[in-house]
Amino acid sequence: MCRYAMVVHKVHYVCVACRQSRKSPWDGREHLCTRCRTPMLFAGHDFAAPRKTKDREWAAVTAVLEAGLRYDGFATCGCSRDPKYRPRTKAQVRARRRMAARGGLSEAEALALRDPGDAYPPRSAAFSPKSGLAPVGRNLATLSCV
């Protein structure tokens, strides 16, 4: 048996409006922000709050939590998995939302991708010289540089 299994692990709760986070034991009840008294969002075990002045990073946190994702990577005992990827900046969120729109993925699936290019099929399948069809909106010179 795992030696961490009997320990009560604390999880992060976040108020995006106030840009505050705190750790509390997970008990399934509603946790209120100490500043604005609104319910805080469950962010998971592996959340690392950005500084309050970092607008772009808080925009990414908001997008991840609104998509239904959490900053979790390990099981309840804390020793079985590495943390999963989550975007850290507004630009990374924007790139993944574009991929979701183009690739037919849900927003949560796209935000969980480490590399937004993982949503596309290999270029050999997207462009075949025999078919003569080039992807819309791309320059043929960039396709031959692969």
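Note that the coordinates shown come from a computational prediction; the quantities given were computed from them, not determined experimentally.

Procedures and definitions
Residues numbered from 1 in each chain as written. Predicted model: local features only at pLDDT ≥ 70, side-chain atom pairs only at ≥ 80, totals over all residues. Heavy atoms only, no water. Helix = DSSP H or I, 4+ residues; strand = E, 2+ residues; numbered from the N terminus. Contact = heavy atoms within 4.5 Å. Areas by Shrake-Rupley, 256 points an atom, 1.4 Å probe, with all protein chains shown as cover. Pairing = 2+ DSSP bridges. Axes fitted to C-alpha atoms, helices over the stretch in contact; angles between N-to-C directions. Patch = residues over 30% accessible without salt bridge, like charges linked within 9 Å, V, L, I, M, F, W, Y side chains within 5 Å. Salt bridge = Lys/Arg side-chain N within 4 Å of Asp/Glu carboxyl O. Lys, Arg positive; Asp, Glu negative; His and termini not counted. Charge placed at Lys NZ, Arg CZ, Asp CG, Glu CD. Buried < 20%, exposed > 50% of the residue type's maximum accessible area, 1.4 Å probe, protein only.

Helix and strand counts for the protein stand at five helices and three strands. Starting at the N terminus and ending at the C terminus, the protein contains elements arranged as β-β-β-α-α-α-α-α. At a minimum sequence separation of 6, the contacts of the protein that also span at least 24 residues come to 44%. As displayed, the protein has an accessible area near 10000 Å², and 53% of this comes from carbon and sulfur atoms.

In space, the three strands of this open sheet follow the order 2-1-3, with antiparallel pairing throughout. Two strands in the sheet have a free side with no partner beyond their single neighbour: strand 2 (20–25) and strand 3 (41–44). Across the sheet, the mean angle from the axis of one strand to that of its neighbour is 40°, orientation sign disregarded. Here strand 1 (residues 10–15) runs beside strand 2; their pairing, made up of six bridges, is antiparallel. Residue pairing for strand 2: Lys10 is matched across the bridge by Pro25. Running over the sheet, helix 1 (residues 55–66) touches strand 1, strand 2 and strand 3 and is turned about 100° from strand 3.

Our next topic: a positive patch on the surface. On the surface, Arg56, Lys90, Arg94, Arg98 and Arg102 cluster together into a positively charged patch. Ranked by residue count, the leading element in the positive patch is helix 2 (residues 90–103), at four residues. For Arg98, a relative accessible area of 42% translates into the label partly exposed.

Purely geometric stuff here, so don't read any function into it on its own.
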